[in-house]
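Residue-level structural notes
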Amino acid sequence: MLNKVYNAHVETIEGLQQSGMLVDCPNRERFGYGGDSNSHVEFVMYTYASSPLFEKWTRDWADVSGQAPQDTQPEAGLPDGNVPNSAPTFDGDGGPAWGALCVLMPYRHYLVTGDLSGLRSAYPTMRGYISFLLRHADNGTGLLRPSGF
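Every value quoted in this text rests on a predicted model; they were computed, and no experiment measured them.

With that settled, consider helix α6 (residues 101-113). If you check α6, its first and last C-alpha atoms are 17 Å apart, about what 13 residues at 1.5 Å a residue would give, namely 18 Å. Along α6, the residues classified as buried are Leu101, Cys102, Val103, Met105, Pro106, Arg108 and His109. Against the buried residues of α6 lie α2 (34-37), α3 (41-47), α4 (51-65), α5 (96-99) and α7 (117-135). Looking one or two residues beyond α6, the residue adopting positive phi is Gly114, at roughly 75°.

Written as structure tokens, this is what we have:
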């Protein structure tokens with residue numbers, strides 16, 4: 001029974017991995033949504049030699065958040081730290097369940113591989129997103145206030 005569950009999960013993941021990102025479904029839009037991917041990132045890391053996939057996807061999240069190295073030029077402006085709900089696309093906002101992938105994925109990758117380089121490259125995006133969340137948290141309760149999510 002466990003082998004059947006495992007094989008079903010492998011087939012599902014292989015159907016949802018395309019173009020250097022994990023996508024949300026095989027039959028509609030094929031965006032790299034952060035919230036959907038949070039549910040199976042660790043399985044992919046432990047099942048496949050997937051470091052290049054997650055290194056590339058970490059760069060995609062930096063690109064869409066305005067935290068990529070080329071975005072440090074003054075003319076790029078200062079990003080507010082928020083991230084969209086998917087990468088490498090640049091539209092929409094799914095809130096913390098989606099954006100948290102830019103923090104959780106590099107950290108999980110580090111836990112699985114022991115490689116700090118992914119955390120180093122993701123740090124500006126992670127720091128910016130956490131700062132964004134803190135700016136939108138209620139000081140009394142710590143809960144997020146509506147901010148256009």
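Taking 1.5 Å per residue as the helical rise, helix α1 (residues 2-16) with its 15 residues ought to reach 21 Å, and the 21 Å between its terminal C-alpha atoms agrees with that figure. Of the residues making up α1, those classed as buried are Val10, Ile13 and Leu16. All buried residues of α1 fall inside an arc of 135° around its axis, so they share one side. Summarising the geometry of α1, the exposed residues directed more than 90 degrees from the buried face are Asn3, Lys4 and Glu11.

Two numbers describe how α4 lies on α7: the axes approach to 9 Å, and their chain directions differ by 20°. Relative to α7, the element α4 is oriented roughly parallel. For the crossing formed where α4 meets α7, the hand is left-handed. Residues Thr58, Trp61, Ala62 and Ser65 of α4 pack against Gly118, Ser121, Ala122 and Thr125 of α7.

Calculation criteria
Residues numbered from 1 in each chain as written. Predicted model: local features only at pLDDT ≥ 70, side-chain atom pairs only at ≥ 80, totals over all residues. Heavy atoms only, no water. Helix = DSSP H or I, 4+ residues; strand = E, 2+ residues; numbered from the N terminus. Expected span 1.5 Å × (residues − 1). Buried < 20%, exposed > 50% of the residue type's maximum accessible area, 1.4 Å probe, protein only. Contact = heavy atoms within 4.5 Å. Arc of directions from axis to C-beta. Axes fitted to C-alpha atoms, helices over the stretch in contact; angles between N-to-C directions. Parallel < 35°, antiparallel > 145°, perpendicular 65-115°, else oblique. Left-handed = near helix turned anticlockwise from the far one by under 90°.

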